[in-house]
Amino acid sequence: MLTIDRAIVDAIIAHARRDHPDEACGVIAGPAGSDQPLRHIAMENAERSPTFYRFDSMEQLRVWREMDDRDEEPVVIYHSHTATEAYPSRTDISLAGEPGAHYVLVSTREPDVEEIRSFRIVDGAVTEEPVRIVDATVDPHAVQTYMFGQSPTTVDYECSR
Amino acid sequence: MAIEVRIPTILRNFTGGAKAVEGSGESLADLLSDLDAKYSGLRGRLVTPEGGLHRFVNVYVNDEDVRFLGALDAKLSDGDTVTILPAVAGGAFGFAAAAAMLGNRL
């Protein structure tokens with residue numbers, strides 16, 4: 001299960017929409033061992049491609065050092081697919097190098113539909129997990145849960161406020 | 001000649017869980033050979049069978065990407081820090097096409 005704040009989800013989706021039709025990518029850092037994604041870092045896609053992404057190596061070094069200095073780790077690594085579903089491609093799976101991270105995918109193929117899913121990718125095995133979006137800025141009890149394997153095509157964010 | 005080598009999570013199974021180890025060598029190639037003697041298998045995760053640096057591993061000497069320093073020929077000095085990070089990459093691009101583009105080095 002990935003538990004993530006609504007404001008961070010909004011920032012990820014805004015970044016993906018902004019870079020569409022190229023793939024967008026980034027990191028949500030959090031305190032080491034906490035499993036809490038708290039600090040959004042939008043990364044440059046060095047490939048600037050609609051079908052491929054790669055962190056710029058110098059930016060990655062800077063950001064990874066900064067996380068080390070702050071005793072953080074990459075809790076979430078996200079990227080967008082711009083014409084296909086938010087599911088890891090075989091390329092994503094074979095290149096996944098952070099076994100402790102939640103791999104979050106968003107799809108921007110539909111301009112009006114939010115599609116966000118989370119996966120663990122360890123040794124080539126993909127496991128989807130539920131995403132629990134917590135609206136901490138409005139009401140800590142207002143929680144929207146996307147169940148395992150669902151694509152949230154319609155979500156009523158007003159329901160629990 | 002002591003060089004600190006920072007090991008990413010995914011390769012710590014080769015170093016008994018250590019986040020950083022020490023090695024020696026005049027060049028990155030020498031250093032990796034030295035490390036492989038102590039941490040068997042580590043070099044094979046960084047260097048291809050053809051003898052080049054894996055495309056999806058980033059190696060830095062201090063603040064520089066070794067790709068700009070001659071890759072495996074990069075010169076090392078006492079007190080340098082070598083950082084290894086898995087490249088963060090992927091995308092919707094089909095595996096077969098990506099493998100062809102990358103020379104089957106995935």
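Look up a bit, the structure's there.
Conventions adopted
Position numbers for residues count from 1 along each chain, tracking the sequence in the order it is written. As they are written, the chains are lettered A onward and the ligands numbered 1 onward, keeping that order. Confidence filtering applies because this is a predicted model: local features only for residues at pLDDT of at least 70, side-chain atom pairs given and counted only at 80 or more, and all residues used for totals across whole chains, interfaces and linings. Where side-chain values are given, they derive from all heavy atoms of the structure, hydrogens and water being excluded. Secondary structure is summarised from DSSP: a helix means a run of H or I of at least four residues, a strand means a run of E of at least two, and numbering begins at the N terminus for each. Residue contacts are counted whenever heavy atoms from the two residues lie within 4.5 Å of one another. A carboxyl oxygen of Asp or Glu within 4 Å of a side-chain nitrogen of Lys or Arg is what we treat as a salt bridge. In the analysis that follows, any N or O atom pair within 3.5 Å is treated as a polar contact, provided that within protein one partner can donate a hydrogen and the other can accept it, and provided that, for residues neighboring in sequence, both atoms belong to side chains.

Moving on to unusual backbone geometry. Residues and elements named next belong to chain A. A cis geometry characterises the amide bond from H20 onward to P21, with omega recorded as 10°. Along the chain, the position of P21 falls in the loop between α1 (6-19) and β2 (25-31). Backbone geometry places D35, a non-glycine residue, at a positive phi of 60°. Tracing the backbone through its elements, the reader meets D35 in the loop between β2 and β3 (39-43). Positive phi, close to 50°, is recorded for D123, a residue that is not glycine.

Every contact between the two is made by 28 residues of chain A and, on the other side, 26 residues of chain B. Counting every contact that joins chain A to chain B gives 2 salt bridges. The salt bridge partner of R65 of chain A is D63 of chain B, with a shortest N-O separation of 2.5 Å. Remark: the boundary between chain A and chain B carries 16 residue pairs in polar contact (both at pLDDT 80 or more).

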